[in-house]
Amino acid sequence: MNTRRELESQDRAIVRIAAHLPDLIVYGDFSPERPSVDNFDGVLMFVDISGFTAMTEKFSTAMYMDRGAEQLVEILNHYISAIAEKVLIFGGDILKFAGDALLALWKVERRQLKNIITVVIKCSLEIHGLFETQESEEGLDIRVKIGLAAGHISMLVFGDETRNYFLVIGQAVDDVRLAQNMAQVNDVILSPNCWQLCDRSMIEIERIPDQRAVKVNFLKPPPSFNFDEFFTKCMAFMDYYPSGDHKNLLRLACMLESDPELELSLQKYVMESILKQIDDKQLRGYLSELRPVTVMFVNLMFKDQDKAEVIGSAIQDACVHINSVLRVFRGQINKVFMFDKGCSFLCVFGFPGEKAPDEVTHALESAVDIFDFCSQVHKIRTVSIGVTSGIVFCGIVGHSVRHEYTVIGQKVNIAARMMMYYPGIVTCDSVTYNGSNLPTYFFKELPKKVMKGVADSGPVYQCLGLNEKVMFGMAYLICNRNERYPLLGREEEIKYFMGTMKKFLMSNCSQVLMYEGVSGYGKSQILVEIEYLAQGENHRTIAIALTKISFNQNFYTIQILMANVLGLDTCKHYKERQSNLQNKVKSLLDEKFHCLLNDIFHVQFPISREVSKMSTIRKQKQLEALFMKILEQTVKEERIIFIIDEGQFIDSASWTFMEKLIRSVPIFIIMSLSPFVNIPCAAASAIMKNRNTTYVTLGPVQPKDILNKVCLDLSVRGIPKELDTYLAEGSCGIPFYCEELLKNLDHHRVLIFQAMESEEKTNVTWNNLFKNFAKPKEDLKMFTFGVEEENEEVCNLASGVRLKNLSPPASLKEISLVQLDSMSLSHQMLVRCAAIIGLTFTTELLFEILPCWDMKMMINALATLVESNIFDCFQNGKELRMALEKNAASFEVNYRSLSLKPLIEGMDHGEEEELRELESEVIQCHIIRFCSPMMQKTAYELWLKDQKKAMHLKCARFLEENAHRCDPCRSGDFVPFHHFAVDIRLNTLDLDNIRKMAKSHGFQTEEEITFSRIETSKKSEIFSENLSSEEIREKILSFFDIIITKMRTSEDYVIPLESCQCEEILEIVIMPLAHHFLALGENNKALYYFLELVSAYLVLDDNYMAYLYLNEGERLLKILKKDKSWSKTFEWATFFTLKGQVCFNMGQMVLAKKMLRKALKLLNRIFPYNLISLFLQTRVEKNRHFHYVNQNQQAQESSPPGKKRLAQLYQQTTCFSLLWQIYSLNFFFHYKYYCHLAALMQVNTALETQDDFQIIKAYLDYSLYQHLAGYQDVWFKYEVMAMKQIFNLPLKREGVEIMTYVADRLGYIKLLMGHLDLAIDLGSRAHKMWSLLRNPSKHYLVLCWLCKSLFLKNRYKQLIQVLGWLWDLSVAEEHIFSRAFFYFICLDVMLYSGFVYRPFEECLQFIHQNEDNRILKFQSGMLLGLYSCIAIWYARLQEWNSFHVFSNRAKNLVSRRTPTALYCISISRYMEGQVLYLQKQIEEQSENAQDSGVDLLKNLENLVAQNTTGPVFYPRLYHLMAYVCILMGEGQNCDLFLNTALQLCETQGNVLEKCWLNMSKEWWYSNSELTEDQWLQTLLNLPSWEKVVSGKVNMQDIQKSKFLMKVNILDNPF
């Protein structure tokens, strides 16, 4: 019962407030006057605990986000709480926690001091005993030193109407500090007075040389002494020591009853942010964080420091002023101390909820103001102020019953030391100096001093005051232009300048160009570039930079402008200025008025009577009139261009003058400015609305420009793709953010620089598989600081670095905190909840985890935050991906037209309307994303560990409902049957269980309904007789036609209502789930979802992302390596299978084979390593196969394998499918047996699954293997078996998808084998079926291969139609691969078909823009083909330098061999380029031409001999071989190859190659000579497709527009 009462009492507001205050204040009865003084006797204990500052520094510079304030507060409070508890047990009252020290008081009457000192000594010795046996945590070196003093003490209470403070003053206070200073580690030192007053018989001491203070060794009570009885007697004299019913309490204040009056009184002693926390009943740790702040220590030394009554009024006056100054700038007094060195105020700017922009400048302004005021206060002798900026620990330190909000950190110590070591001035550290953005002439660097406890403070500066003095010649632009550093990504912004400049020079009227952008966008750099570009003979450029202080200086901007116009900026002395002025204005101004210029230009003309009688306004008008005349005169001689940086700091008088100026004098004003915080003055608004003003709102720079910037900043030729993505996303296109992120990476030694290796020399391993560096564009090469090519470096990442988990840099965290603290508490809560979910989240999930919010409230908050650029909203994943690829560009704002629009019932109504529109947009949008990853990271770090876990668990539970493929893809796992094999899902109810439940209640499932509605064909009906292959062909095609007709008329259960949504599920469900489980420490589940992610990315052809998440998976597998369970073995097997797939797609076959063999071993299916086991295994598999095929009926009747077994079998089929293709690439004779075995094992494993799709896929793969191996009877048999299988399928969605797959796959096989007509027939049907099924990921591939078939058949009208579909699909789906294939075909059309569909320049631009795209870059074939086509183009034009650029890029990709049609097409294009280059070598009679020719012929022959090269590619390869032979003088072989190629073309119906072969044959054997470059002429006359369609060009003429390969470079060999 008592415990319950205690808990209830602890939750009372008054008890929570009292925990922040000593009993001296809680039970004090003070006069309401301020200041008030109270005198008493007592014993003081000062405990200094060193070691925390170093640990705070270690945590504040921690690299990762998981090393935060919470761990720090746990460690701090572990030690401080133990000390506080001892003090409270022994009856002490903790007056203050001063960072990592505490001051305690035992307040008693003077006669009790002797005994109480003994109690306090016992307490001190026990405190030391706490740390003797404890092992230090986190490498923490804890050192405790204690000083004791006793005697007369005064307490001073002071403050204003909102805040109260207290101090203890007197000799005892000074003594306790001095005693502690004398103490070494584990010492207890008694002050001289304490030693005089104590019971000396009880204490063994040690004298300190030359000191009256003594060191306590131990207590030596007499044998009969009972300390417990002695202690109880002593405590009877303590007023508020818990006794009686409350004796078990540590502190009596824990049982305070509610008392509104007392509560109100106590509240004044506690900071406002703490009171808010108490009111909100938030957890005590909420305000504990490592936070960037600005610390200001103010020290007041007094003329007479003896009595509180004497100095109290001075402290009161100083405190009231300090409070009033801090309140304006959102600073707070955290602590007030009084020791021998005077009274010190610890003030902090940037506490939680109080962060403001320009914090550092505000702190310096406050410091100067406080210094000036306090220096004038009576009785204050010296004022010293130290200001520092950086990350410190801000948090509640102490015990649950007695604690305080305090700051700890190196920056706090440095501020305190600077205050003491540099007395009588305002000092600041280098971080404050650099962060103030104030001119350098406001500061003076001071000589360094060795300061106690500070290893290296860095440079120390004196702040001289913040009144802007006109320092002529010092207001120039801050940045300097660097010839070797171009302005990146700002071409459009410079175009605005060039256009406006042209207008200005051509007309006789003023122009104003304004660039608006937030800090960090590079506005100053733009102006520096403009200043350089604006220089010319007939005009003069004046460029200045303003500061925050300029805003408060009347007419300052015009003052600087006129000083420059009059040439005063170069004068060294006022007399020189005076002389210059006299000469310039004598014709414009009467001499008696020259003194008007005294104040503004700091000159000393004699003051005339007329001027002395003038009012200030009159003087100002006279000056303005004079300046106008001077400018009118100046512009007649030369035009003036006035450039102003930081234009938001222009004072209102200067704005007014400038507004008049642009109306009267032709002048060009260019300025950069940050968005106005308040409404601009009338003159500024008028300038913005002027018809000659161009107002440009700056956008961020593009990701490619960030890459260029990084490479220039680091002087490297490339950076890892991972780093490129991290910087592009993290910087949000803001150059300053990018610089800060780079500095942070450099600080943590994440970046490693190494010499650049050529890709050919690199030995490929898994770890360097994707070390294909993101490189800047070619035109930047000249800026890479003159490094020779062989010495070029690339930047790499240190091993094990997880960029996503890095803590944000302090500077960027500060920007985010300013934004967060400016929000309402409800908006802050929403942002913090969103940060838990991740960078991207859905509105549904956010609503799920928001505590007690309704939907309307959330939508309203989201709309406001979208408007504030905290979030962006998107309707779907596609829209999000498009936005991430490109940042918003700069745009022009026309304030004139905006001002002309009628206001709709006032401004407020318009804003409401805008917010309503935003709300409706948010309702429509499904996906929300943080605009800045730094905001997400900063908000995430504000959560406590337990709160984070609870929120992550909420998110995980919600997301797991949707953690599967999309509905159109039948909702399975991405790794087939994955969750059955591993069994780790939170929500385990799956679709199979739902179906069973439905059946048990008598419901029909969708499939059963479908079966009943559609009559399926029987096998016997289709292949009842021995049909010819032609008849079978017709049967198959008509079957697909019937299916298409049925699909078009079918219900929704066959045709999906929407296209595949897997990519969206991947990004907003699977990926976040993996990270949520990682944060929860659920490594098994995190691993499961990482493997799902990898599988999904492989489906999406994104090998790079698959690679990244495989590495995450590997890290987790190593952590879980002790787990030997079957499910973990399956995860390892899946991991190696996926690794094998990535290696296969990248063309790294040795690695792929190694991974797949490992996977099979783990799946209990060892693939043979030697020939003996190979032949034995082949025999076994043949028997198995015979059994499966002949016992097919029985197998169908037997029960299918369990789900776990199916998961295994699916992985095995994937491995075998890839293995046979890998082995087919090799030339060794025995590899064909391995190839055959792998293909056979795939079929057998598929048959064991009893799954239609797996069986059909295996049959078609086996058929393709037999096709390529040349076994006609076998391949035909398996194609027929595949068709029989689909004839039996029901017409439901899964069945239709399998049928479509068969049409698609058969079309691809027929293309490879050169059956072009059949390939077209099947491809066109597959296209219709995939189109109806709304599956773009499959649909685009059909269109690609259909294009190829039509291209070879010269069916141009159909080809262009299919290309149109391919283009539309690529645009609709933002699908990069289909767009790349589109341009590949366009290049082929130009090179071989004789007309232009898309111009060469467009194709080349596409390659330049997308060659770094991760899907194209890390995929085998596509870029090889594109580069090779461009190389052929340049080779035909004999532009060999350009040829080498693209040929070399292609050459680096040749080694990525894959057994795919795309690679075969691409390699044949590459070989063609090499053949053309051979012709050049022979023509120039190069030394190694003969060797090159032999190697080339050998490579071409190998390609033909290779099993994976389909016969469709043979005609081109034989054509090239024939050309090499004729170049080498081997006429006989040339003839043989030409005839072989022609025969193949005839068989295949390859019209394109046949036409070209005939032309080549005719050309090579004729006697005609090339008189000019005919190809150049042909190119110039290539017709566009529009001309071909309109009939303006004859089709026969197009056929003849072929490139004719030169042969008359040697004497005719025949």
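Residues numbered from 1 in each chain as written. Predicted model: local features only at pLDDT ≥ 70, side-chain atom pairs only at ≥ 80, totals over all residues. Heavy atoms only, no water.

A few points about unusual backbone geometry
Then, in step 1: With omega at 0 degrees, the peptide bond leading from arginine 34 into proline 35 counts as cis.
Then, in step 2: Of note, proline 35 is situated in the loop between helix 3 (23–26) and strand 1 (36–50).
Then, in step 3: Its identity is not glycine, yet asparagine 437 carries a phi of approximately 55 degrees, on the positive side.
Then, in step 4: Looking at the element boundaries, asparagine 437 is found in the loop between helix 15 (430–435) and strand 15 (443–446).
Then, in step 5: A relative accessible area of 60% means that asparagine 437 is categorised as exposed.
Then, in step 6: For asparagine 869, which is not a glycine, the phi torsion comes out positive at approximately 60 degrees.
Then, in step 7: As for its placement among the helices and strands, asparagine 869 is situated in the loop between helix 31 (855–867) and strand 25 (871–874).
Then, in step 8: For asparagine 869, a relative accessible area of 54% translates into the label exposed. (Helix = DSSP H or I, 4+ residues; strand = E, 2+ residues; numbered from the N terminus. Buried < 20%, exposed > 50% of the residue type's maximum accessible area, 1.4 Å probe, protein only.)

Focus: the confidence of the model for the protein
Then, in step 1: Per-residue confidence for the protein gives a mean pLDDT of 85, with 90% of residues at or over 70.
Then, in step 2: In this model residues 903–907 is a low-confidence stretch, pLDDT under 50, and it forms two contacts with partners more than four residues away in sequence or in other chains.
Then, in step 3: Taken together, the stretch residues 1609–1614 has pLDDT below 50 and engages in 10 contacts with residues farther than four places along the chain or on a different chain. (pLDDT = per-residue confidence, 0-100. Contact = heavy atoms within 4.5 Å.)

Side note on the nonpolar core
Then, in step 1: Ranked by internal contacts, the top residues of the largest apolar core, which has 286 residues, are Leu830, Val831, Leu846, Phe871, Phe1040, Phe1167 and Ile1286.
Then, in step 2: Counting residues per element, this core draws most heavily on helix 57 (residues 1376–1393), at 14 residues.
Then, in step 3: Those residues in contact with phenylalanine 871 that sit more than four places away from it in its chain are Leu830, Val831, Ala834, Phe841, Leu862, Leu865, Val866, Ile928, Arg929, Phe930 and Cys931.
Then, in step 4: Membership of the second largest hydrophobic core comes to 106 residues, among which are Ile370, Ile560, Val603 and Phe605. (Core = buried A, V, L, I, M, F, W, Y, C linked by side-chain atoms within 4.5 Å.)

Details of the sheet that holds strand 20 (residues 668–673)
Then, in step 1: Strand order across the open sheet formed by six strands is 18-19-20-17-21-26, with mixed pairing between neighbours. Single-partner strands in this sheet number two, and they are strand 18 (539–545) and strand 26 (891–893). The mean inter-strand angle of the sheet, taken between neighbouring strand axes irrespective of direction, is 20 degrees.
Then, in step 2: Contacts from helix 16 (residues 491–506) reach strand 17 (511–516), strand 18, strand 19 (639–645), strand 20, strand 21 (693–697) and strand 26, with the element oriented near 170 degrees to strand 17. (Pairing = 2+ DSSP bridges. Axes fitted to C-alpha atoms, helices over the stretch in contact; angles between N-to-C directions.)

So, the pattern of salt bridges
In a structure, side chains of opposite charge can pair up when their charged atoms sit close to one another.
Then, in step 1: Throughout the structure, instances matching the rule amount to 59 salt bridges.
Then, in step 2: A salt bridge links glutamate 739 to lysine 709, with the shortest nitrogen-to-oxygen separation between them at 2.8 Å. With glutamate 739 in helix 27 (residues 735–747) and lysine 709 in helix 25 (residues 703–714), the pair connects residues that are 30 residues apart, well separated along the chain.
Then, in step 3: Glutamate 739 sits in the partly exposed class, given a relative accessible area of 30%.
Then, in step 4: Exposure remark for lysine 709: the relative accessible area of 8% places this residue in the buried category.
Then, in step 5: The closest approach of N and O atoms between glutamate 1279 and lysine 1310, which form a salt bridge, is 2.9 Å. (Salt bridge = Lys/Arg side-chain N within 4 Å of Asp/Glu carboxyl O.)

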